[in-house]
Amino acid sequence: MFDRLGFVDKINEYMLLKGLDAKALATAISVSPSTVYNLLQNRYKQPDTNVFFKLIEYFDCSADYMLGFVEFPLEGTLYHPPLRKYGDKLKTLLRQKGETQKTFIENMKISSFLAYKWLSNKSLPSVESLIKIANYFEISVDSLIERIK
């Protein structure tokens, strides 16, 4: 499950390390200041996936660390940009697990339309869905979004 308060703490931690205020962070990651203010005030159930990706890229950190799944950031790790064309990765994971799209849809309790959007690269899963999918395939979120290889 996504830990909103822990996520906000991590953003504040990185902002402090970089000497940024909310407006400077917003400029750095090309989002509106209100988006950053709302994140910091914990007004979102979860961050938008694209905003989340911008944050982990800008802070050059692990998705799993930002989400609170590992206690310490990995030092000396070469991070790749998060995977934004997600469908091929999901298809590969399904093949590796020997599972059909239908079984995946049923087990994940998602609509076939949502699965279609993910598999055809028409949309990214939400951050919460990324967590559930990573758990489903028993891999880290960083591995799922190919942040680390």
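Structural data are supplied above this passage.
To start, this report covers the structure provided alongside it. (Residues numbered from 1 in each chain as written. Predicted model: local features only at pLDDT ≥ 70, side-chain atom pairs only at ≥ 80, totals over all residues. Heavy atoms only, no water.)

Observations regarding the packing of aromatic side chains
Stage number 1. For the structure on display, the rule yields nine aromatic pairs.
Stage number 2. Look at Phe104 and Phe137: their rings are 5.9 Å apart centre to centre, the planes differ by 20 degrees, and that puts the pair in the stacked class. Placement of Phe104 in helix α7 (residues 101-108) and of Phe137 in the loop between α9 (127-136) and α10 (141-144) is noted, with a sequence separation of 33 residues between them.
Stage number 3. You can call Phe137 buried: its relative accessible area is 10%.
Stage number 4. Consider the rings of Tyr136 and Phe137, whose centres lie 5.1 Å apart with planes at 90 degrees: the pair is edge-to-face.
Stage number 5. Counting every residue linked through ring pairs, the aromatic cluster contains Tyr14, Tyr58, Phe59 and Tyr65.
Stage number 6. Residue placement shows Lys10 over the ring face of Tyr65; its charged tip is 4.8 Å from the ring centre.
Stage number 7. Over the ring of Tyr136 we find Lys97; its NZ or CZ atom is 3.9 Å from the centre of that ring. (Phe/Tyr/Trp six-rings, centres within 6.5 Å; stacked < 30°, edge-to-face > 60°. Helix = DSSP H or I, 4+ residues; strand = E, 2+ residues; numbered from the N terminus. Buried < 20%, exposed > 50% of the residue type's maximum accessible area, 1.4 Å probe, protein only. Lys NZ or Arg CZ within 6 Å of the ring centre and 35° of its normal.)

Points about the packing of helix α1 (residues 4-18) against helix α4 (residues 49-59)
Stage number 1. Direction vectors running N to C along α1 and α4 enclose 35 degrees, while the axes themselves pass 11 Å from each other. Relative to α4, the crossing made by α1 is left-handed. Residues Phe7, Ile11, Tyr14, Met15 and Lys18 of α1 lie in contact with α4, whose contacting residues are Phe52, Leu55, Tyr58 and Phe59.
Stage number 2. Looking at the contact of α1 with α4, its residues break down into eight nonpolar, no polar and one charged. (Axes fitted to C-alpha atoms, helices over the stretch in contact; angles between N-to-C directions. Left-handed = near helix turned anticlockwise from the far one by under 90°. Contact = heavy atoms within 4.5 Å. Nonpolar A, V, L, I, M, F, W, Y, C, P; charged D, E, K, R; others polar.)

A look at helix α6 (residues 87-97)
Stage number 1. By the burial criterion, the buried members of α6 are Gly87, Lys89, Leu90, Leu93 and Leu94. An end-on view of α6 places all buried positions within 165 degrees of arc, on one side of the element. In α6, the exposed positions that point more than 90 degrees away from the buried face belong to Arg95 and Gln96.
Stage number 2. Here the buried face of α6 lies against α7, α8 (112-119), α9 and α10.
Stage number 3. Within two residues after α6, Gly98 carries a phi angle of roughly 70 degrees, on the positive side. (Arc of directions from axis to C-beta.)

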